[in-house]
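Chain by chain, the residues run as shown.
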Amino acid sequence: YGWEQFDPRFDLSNPDYANEHHRFGWVVEIDPEDGRQTPVKRTAMGRFKHEGFAFATGAGGRAVGYMGDDQRFDYCYRYVSDTSWRSMISRGLSPLDFGKLYVAKFNENGTGEWMELTINNPKLKERFKDQAEVLVFARVAADILGATPMDRPEWTTIAPDGAVFWSLTNNGERETPGPANPLAPNEDGHIIRTKDSYNNTGLNFTWQVVFIAEETHGEGDETTFSDPDGLWSDPEGRLFIETDGGQQKELNNQLLVA
C-alpha cells in the first residue's frame, strides 16, 4: 500500500522496525464504558487475520471463543480458558490470558478434532523456541499440525444449543474440494455448522455444510446470495447473515435470515 512512504514503521528494511508486522494480527480488548482504560492485546489467542469472535461459557464455566482467520486456505480456531472465567476474574486474572489455543482439522466423514497449538507438542518444539513464538506464528504452527485449509473463515456465532456457525466467504483459488470446503473454485462461499463434544470444550466435533451460496442461484431475479460474512444467531435459533462481496445478478449486498 505504500505506507512506508509516510510512516517508517512500515519500512521493514529499517532495523528499528524489523518486528513491526508482529504487532498486528492480535485480539485487542477494550472497555467501551471506560475511556481511561488502556487497550490490552490478548496474545494467548494467537496472531493471525482475526475476523469474527464468538464467546460461549463451556464446561466448568470456562470461557470459549471461536475465531476465523480471514484468508484463503487458512484456519478455524478455538480458545478455551484454563478455568472458570468468573473464578479467574475474582482472582484478578484475565481468562483471555491463561488458556489453550486450538486449530481445527475437518475429516471427510463429518467429524473433526481440535489440535492444541502448544510448545509441548514435539512437532512444534522442533520448530519454535517457546510458546510465545508459537503464538506469534500461529499460522505456521497450524500448517505443521496439518489443520484444514478453509475458504476464508470470517464470522462465527453460537446458537442456543451450543453449535457454532462459520461463514466461509469465498475462495476462487481453490482447485480441489476438501473436507468442509465442497466447491473448487468456491466463488460465492458457504456456511458450516460445528458442534463440539463436552459442552464446547472437548477435543472432538461434528460438522456439516448448511448453505452453499452457489446452490441458491435460482431462476428468479432475487433468489440468490453470495459471499456470506457477518453472522448472528438469536436466542430462538434464527441465523442472520450479512453478505460482503460481489452478488450474482448485479444485486446489492444483503441482510438475510434463515
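That block above? That's the structure.
Everything numeric here is computed off the predicted structure, so don't read it as measured data.

**Q** So what exactly am I meant to see when it comes to the sheet that holds strand E3 (residues 50-57) here?
**A** Pairing is antiparallel across the open sheet formed by 9 strands, whose spatial order is E3-E4-E6-E7-E8-E13-E12-E11-E10. Both outer strands of the open sheet, E3 and strand E10 (153-158), are each paired with one neighbouring strand and no more. Across this sheet, the average inter-strand angle for adjacent strands is 30 degrees, counted without regard to direction. Relative to strand E8 (residues 111-116), strand E7 (residues 99-106) runs antiparallel, the two sharing 5 bridges. When the sheet's bridge partners are listed, Val-103 is paired in E8 with Met-115. In the packing of helix H4 (residues 138-145) onto the sheet, contacts are made with strand E4 (62-69), strand E6 (76-84), E7 and E8, and the angle to E6 comes to roughly 100 degrees.

**Q** Explain the pattern of salt bridges here, please?
**A** In a structure, side chains of opposite charge can pair up when their charged atoms sit close to one another. Enumeration according to the criterion identifies 16 salt bridges in this entry. We note a salt bridge from Arg-139 to Asp-69, for which the minimum N-O separation is 2.8 Å. Of this pair, Arg-139 sits in helix H4 while Asp-69 sits in strand E4, and the two are 70 residues apart along the sequence. On the basis of relative accessible area, Asp-69 is assigned to the buried category, the value being 0%.

Conventions and cut-offs
- Residues numbered from 1 in each chain as written.
- Predicted model: local features only at pLDDT ≥ 70, side-chain atom pairs only at ≥ 80, totals over all residues.
- Heavy atoms only, no water.
- Pairing = 2+ DSSP bridges.
- Helix = DSSP H or I, 4+ residues; strand = E, 2+ residues; numbered from the N terminus.
- Axes fitted to C-alpha atoms, helices over the stretch in contact; angles between N-to-C directions.
- Contact = heavy atoms within 4.5 Å.
- Salt bridge = Lys/Arg side-chain N within 4 Å of Asp/Glu carboxyl O.
- Buried < 20%, exposed > 50% of the residue type's maximum accessible area, 1.4 Å probe, protein only.

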